[in-house]
Amino acid sequence: QVQLVESGGGLVQAGGSLRLSCAASGLTFSSYTMGWFRQAPGKEREFVAANRWSGGIRAYADSVKGRFTISRDNAKNTAYLQMNTLKPEDTAVYYCAARFGELTGRETEYVYWGQGTQVTVSS
């Protein structure tokens, strides 16, 4: 079975940094577009960033541009989300997702999902 496992979440102070990892198994990782989404309490899940299989084409939500960086290591079957200058409004459960196709920010286009990792940013 395909499995995506996020890690790296935690509690940080505003202005701090975290790097999330998403380890994939059960799929040919290099053939998949990877995406990151987040969901805060009382809010809908929203797109954060996505990375095409080549790693050279990326997309970001306006709220994280300049602060977050998505990357991937196909040899390790792992996707990353480097989060810098974190703000309290970044607090959410972060999910990684995969799809066999073109880069997109539409969550309905992603077939495989991880269980999520909690990121909490204190004021």
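Coordinates for the structure precede this section.
Parameters and conventions
- Residues numbered from 1 in each chain as written.
- Predicted model: local features only at pLDDT ≥ 70, side-chain atom pairs only at ≥ 80, totals over all residues.
- Heavy atoms only, no water.
- Helix = DSSP H or I, 4+ residues; strand = E, 2+ residues; numbered from the N terminus.
- Rg over C-alpha atoms; globule rule 2.2 N^0.38 Å.
- Buried < 20%, exposed > 50% of the residue type's maximum accessible area, 1.4 Å probe, protein only.
- Contact = heavy atoms within 4.5 Å.
- Salt bridge = Lys/Arg side-chain N within 4 Å of Asp/Glu carboxyl O.
- Pairing = 2+ DSSP bridges.
- Axes fitted to C-alpha atoms, helices over the stretch in contact; angles between N-to-C directions.

Colleague: It is not clear to me how the overall build of the chain should be interpreted in this structure. Could you clarify?
Modeller: Per the secondary structure count, the chain includes 0 helices and 11 strands. For the chain, the sequential pattern of α-helices and β-strands runs β-β-β-β-β-β-β-β-β-β-β. The C-alpha radius of gyration of the chain comes to 13 Å, within 12% of the 14 Å expected for a compact globule of 123 residues. Its C-alpha atoms put the chain at 40 × 25 × 25 Å along the principal axes. Split into buried and exposed, the 123 residues of the chain put 42% on the buried side. Counting only contacts in the chain whose residues sit at least 6 apart along the sequence, the fraction spanning at least 24 positions is 59%.

Colleague: I would appreciate a short explanation of the pattern of salt bridges in the present structure.
Modeller: Note that side chains of opposite charge can pair when their charged atoms are close. Tallying each qualifying case throughout the model produces 8 salt bridges. Arg52 is the partner of Glu102 in a salt bridge, and the nearest nitrogen-oxygen pair spans 3.2 Å. Taken together, the residues span a long stretch of sequence, with Glu102 in the loop between β9 (92-99) and β10 (112-113) and Arg52 in the loop between β5 (46-51) and β6 (58-60) at a distance of 50 residues. Residues Glu109 and Arg106 are paired through a salt bridge, measuring 3.7 Å at the closest nitrogen-oxygen approach. The class for Glu109 is partly exposed, based on a relative accessible area of 31%.

Colleague: Explain the sheet that holds strand β8 (residues 78-83) here, please?
Modeller: The strands making up a sheet are joined through hydrogen bonds of the backbone, oriented either antiparallel or parallel. The strand order β1-β3-β8-β7 describes an open sheet built from 4 strands, whose pairing is antiparallel. On the outer flanks of this sheet lie β1 (3-7) and β7 (68-73), each paired with one strand and no other. This sheet shows a mean twist of 15 degrees between the axes of neighbouring strands, independent of strand direction.

Colleague: I would appreciate a short explanation of unusual backbone geometry in the present structure.
Modeller: What you tend to see is this: most non-glycine residues have negative phi, and most peptide bonds are trans. Within the chain, Asn77 stands out as a residue other than glycine whose phi angle is a positive 55 degrees. You can call Asn77 partly exposed: its relative accessible area is 27%. Notably, Thr85 is not glycine yet its phi reads approximately 50 degrees, a positive angle. By the element assignment, Thr85 lies in the loop between β8 and β9.

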